[in-house]
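Per-entry structural report
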2 protein chains.
Amino acid sequence: MAPSALDDRVDVAVVGAGLAGLIAAERIRAAGRSVRVLEARERVGGRILNHVLPSGAIVEIGGQWIGPGQRRMVALGQRLGVATHPTHDEGESVLERGGSLLRYRGTIPRINPVVLADIAQAQLRIDRMARRVPVEAPWRAPRAAEWDAQTFATWIDDHVRTRPARDLLRLSVAAVWACEPQELSLLHVLFYVHAAGSFDDLIGTRGGAQQDRFVGGSQELPLRLAAQLDAAELRVLLGRPVRRIVHDGPSGAGGGVTLEADGGAPVHARRAIVALAPALAGRIAYAPALPAARDLLTQRVPHGSVVKCMAIYDEPFWRRDGLSGQAVSIEGPARVVFDNTPPQGAPGVLLGFLEGRDARELGAWPAERRRAAVVETFVRLFGPDAAAPRDYAEVDWSAEEFTRGCYAGYMAPGVWTAFGTALREPVGPLHWAGTETATEWTGYMEGAVQSGERAADEALSALRD
Amino acid sequence: MAPSALDDRVDVAVVGAGLAGLIAAERIRAAGRSVRVLEARERVGGRILNHVLPSGAIVEIGGQWIGPGQRRMVALGQRLGVATHPTHDEGESVLERGGSLLRYRGTIPRINPVVLADIAQAQLRIDRMARRVPVEAPWRAPRAAEWDAQTFATWIDDHVRTRPARDLLRLSVAAVWACEPQELSLLHVLFYVHAAGSFDDLIGTRGGAQQDRFVGGSQELPLRLAAQLDAAELRVLLGRPVRRIVHDGPSGAGGGVTLEADGGAPVHARRAIVALAPALAGRIAYAPALPAARDLLTQRVPHGSVVKCMAIYDEPFWRRDGLSGQAVSIEGPARVVFDNTPPQGAPGVLLGFLEGRDARELGAWPAERRRAAVVETFVRLFGPDAAAPRDYAEVDWSAEEFTRGCYAGYMAPGVWTAFGTALREPVGPLHWAGTETATEWTGYMEGAVQSGERAADEALSALRD
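So, how was this worked out
- Residues numbered from 1 in each chain as written.
- Chains lettered and ligands numbered in written order.
- Predicted model: local features only at pLDDT ≥ 70, side-chain atom pairs only at ≥ 80, totals over all residues.
- Heavy atoms only, no water.
- Contact = heavy atoms within 4.5 Å.
- Buried area = accessible area lost by both parts, 1.4 Å probe.
- Salt bridge = Lys/Arg side-chain N within 4 Å of Asp/Glu carboxyl O.
- Buried < 20%, exposed > 50% of the residue type's maximum accessible area, 1.4 Å probe, protein only.
- Helix = DSSP H or I, 4+ residues; strand = E, 2+ residues; numbered from the N terminus.
- Polar contact = N/O pair within 3.5 Å; in protein donor to acceptor, adjacent residues only side chain to side chain.
- Core = buried A, V, L, I, M, F, W, Y, C linked by side-chain atoms within 4.5 Å.
- UniProt positions renumbered as here; feature names shortened; annotations may be inferred.
- Pairing = 2+ DSSP bridges.
- Right-handed = clockwise from strand over helix to strand, strands pointing away.
- Domains from an automatic or database assignment.

**Some details on the interface of chain B and chain A**
Taken together, the contact between chain B and chain A spans 37 residues of the former and 37 residues of the latter. Both faces considered, chain B and chain A share a buried interface measuring about 2,900 Å² in area, 50% of it formed by carbon and sulfur atoms. When residues of chain B are sorted by the area they lose upon contact with chain A, B:Arg283, B:Gln299 and B:Arg404 head the list and together hold 22% of the total. Across the chain B-chain A interface, the total number found is six salt bridges.

**Description of helix α7 (residues 186-196) of chain A**
All names here are of chain A. Within α7, 10 of the 11 residues are buried, leaving the element largely enclosed by the surrounding structure. Listing the buried residues of α7 in full gives Leu186, Leu187, His188, Val189, Leu190, Phe191, Tyr192, Val193, Ala195 and Ala196. Where α7 begins, one side-chain oxygen reaches toward the backbone nitrogen of Leu187, 3.0 Å away; that side chain belongs to Ser185. Looking one or two places after α7, you find Gly197, whose phi comes out positive at around 130°.

**Re the nonpolar core**
Among the nonpolar cores identified, the biggest contains 146 residues, and A:Trp177 and B:Trp177 are the most heavily contacted of them. In this structure, B:Trp177 is in contact with B:Leu184, B:His188, B:Val189, B:Tyr192, B:Val193, B:Phe199, B:Leu202, B:Gly304 and B:Cys406, ignoring residues within four places of it in sequence.

**Side note on the UniProt feature "binding site: substrate" (unreviewed entry) in chain A**
Residue and element names in this part refer to chain A. The sites that carry the UniProt feature "binding site: substrate" (unreviewed entry) are, in the present numbering, Phe353. Relative to the elements of secondary structure, Phe353 occurs in strand β17 (residues 348-355). Ignoring anything within four residues of it in the chain, the contact list for Phe353 reads Trp65, Val306, Val307, Lys308, Pro333, Ala334, Arg335, Val336, Phe338 and Tyr407.

**Looking at the pairing of strand β2 (residues 35-38) of chain A**
Residue and element names in this part refer to chain A. Neither face of β2 is exposed, since Val35 and Val37 on one face and Arg36 and Leu38 on the opposite face are all buried. Bridge analysis of strand β1 (residues 9-15) against β2 gives four bridges, and the strand direction is parallel. Across the sheet, the residue bridging to Val15 is Leu38, located in β2. Once you follow β1 into helix α1 (residues 19-30) and on to β2, the crossover reads as right-handed. Pairing between β2 and strand β9 (residues 236-237): two bridges, direction parallel. Directly across from Val37, in β9, lies its bridge partner Val236.

**Looking at the domain arrangement of chain A**
Residue and element names in this part refer to chain A. According to the domain assignment, chain A consists of domain 1 (5-46 + 219-302 + 411-464), domain 2 (50-68 + 82-90 + 209-215 + 306-396) and domain 3 (111-200). On a C-alpha basis, the centroid separation for the pair domain 1 and domain 2 is 32 Å. Taken together, the seven residues of domain 1 in the interface contact 11 residues of domain 2. Buried area between domain 1 and domain 2, summed over both chains or domains, comes out near 720 Å², and the portion from carbon and sulfur atoms is 65%. Of all residues in domain 1, the largest losses of buried area upon contact with domain 2 belong to Gln219, Leu221 and Met445, amounting jointly to 56% of the total for that side. Our enumeration of links across domain 1 and domain 2 arrives at zero salt bridges. The interface formed by domain 1 and domain 2 includes one residue pair in polar contact (both at pLDDT 80 or more).

This is the structure in structure tokens:
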């Protein structure tokens, strides 16, 4: 259905049909305002993507989990009628280190107590510092200057004594931020931890951010949101990468916004919500050009690197051996592994993450070689039954033109304290959404929802003025 | 003169008519190949810009200095018939610290010998480490991982004991990189120092990078280069921001390159040289999309911040007082000051730099307030005669849409070791130039020239294959 000519002028235009953009559009529409979403891809969901297996079963090949405290995501699932099911967490997990395997229950393997104490004190310190970082304004933390002057690698070197504890922390960094500790400002780590609650909240399965999945795959949420928006008239335009935004300047008084996108006529609106990660928002041309502070910020929020890899088996054979399918491997390259079997219990799916350095290095390999390296890790962890998956699926999120990295944009040292104020501050009629702009569960789907709600409220408030 | 239809197909297209792009184009042309340069602005020169004073005298409001060891720039000036003259360096310089002024000669003020020794040992250590960083591949330095895991701020905290020495080093960082020490990887600092020679080479006037200026202003060089290129036929197209580059993929076999730019028909070429800072190159759309490694790099080379400010007086009155016009002020906001009087000796010009944090903060002020703050610094440094300049000129380089910061892109921790290989590596028919890609005097005009020569040689070599 082609939009009518009249439709080309709306109250609010949204750039990006990821979760943040769709939530913003839903809220705009619920307030009785007209809205249109322009999406670069031929699909909605952004970093959230379902993958259909040959059997017809669905697995998540993008963002997938929700956990306790993510109240907006719980409410969204309920509102859209998408049920959740627990991430498979029965049986023993596996830690591979120094060529040997250790089976354990819960989140903490029974390794050397000195190492365990070392990790525990580090997490305790991190959590304690994190609570002192205001999530709305990390640069106002009492020790913001000091914490933003160093990398997380420097902090680890200074405060974690044992090599195995450092290895495990480094692996946690890859699992949460998809980069290396030296790329992160300590202040950013603390902000991110506080926005989630605690370090354990980030890395945990049961009771943590990886606790639950959505039946039918997480992309059901953006798909249903888009379908509801489209029910009345075509509000979500696919295949429309926005290249240029003409607006009425920082003062915000005047004719509003015109969005020029490939694949169709410009869209005119009174306000626009750019629901993209800052790095991608910075690649749009703006007329007039954006204020320096905003542009400089967009140069400084790079994305982590993830290749999400799944091997498909007839059944989850590891469960027969009393294994949960969860594993941590210091050797890698798949260092963090989950059982990602669909809720019906078959086929069996092992999910391995290549993150940070591994994703960058193996992402450049031929696909067959990368697959072999991932499957080889699974064989080491779960035995020879893992050697011949009947199918394999992967996405290198850094290679995706309209994402360019996962899980989220992050801050190197010095960025929060110098450029943080430009993260959410509107520029005239332009508002900024995306999980990077969230203060609760930033980097997660929950943060995307919060950011979409906040940006929509800003735009609606401006429309009322 | 409009280009003929035939001209739209050339051997090499160059994006950007800064010094790197123009040098590349000159070299392509000298090899007997056809070339076209597409420039976003209505002028050439990029970060190099002359400013005409009401008197008709010319001052440089962008990159301006050359120093010993910059052999390509010396040769370029000679080739183009642009003479140099020494930066005014007669008389005493001024150091402002803690509200008091100290006059001194040479580069080193007569402050507390403990502080002087502290600075000297720091520079010595930096120079010694820098020599161990291969400028072609900083990630191959023996201690690259360690040096790239920390900020320069962390290194200063660990190795510089006195507060005044730290203040002066911080000020040097702003003067050289236009950012704060916490934003820089130690490895990047060492690379940059090695590419210039030594720390003193970077910060010095006589004998250093600020030794000489060009008669008529440094923009004479790009202006003459462009004029020579245009003499035969129109080779430099102004007002043509390139938005999209269609190319034949990483394999490089096929139809070459098509550059789509505002303001005219596409330009077709066999090879293209993108002579932009990486952050700006990353804002162009590429079809096919670039490999992940290259795209991720462009997310990670942010620009420093500079507002270059000049106050114009009837004459250089400070010279009468035995002052050189050079000053360093810990208080700021103009922390680094030069006499930028044209070679004819009048009008008198005081040049003050707002750099890093100062540029960001004062850049957001109303122009009048910023001017007052700069002039107030000059009054404190040079007396009441500085209070009423007859003219004032400034450029906030971060606000320039087609530059977005100065002096150059830099690397935060973790970037060189993880993404460095993508800095110069061609992607199919696409070559990368710009001073950020240089190995000698990166960040300087000399580096721009080296990069243009190297990229041209790459393209010419590919054309011969």
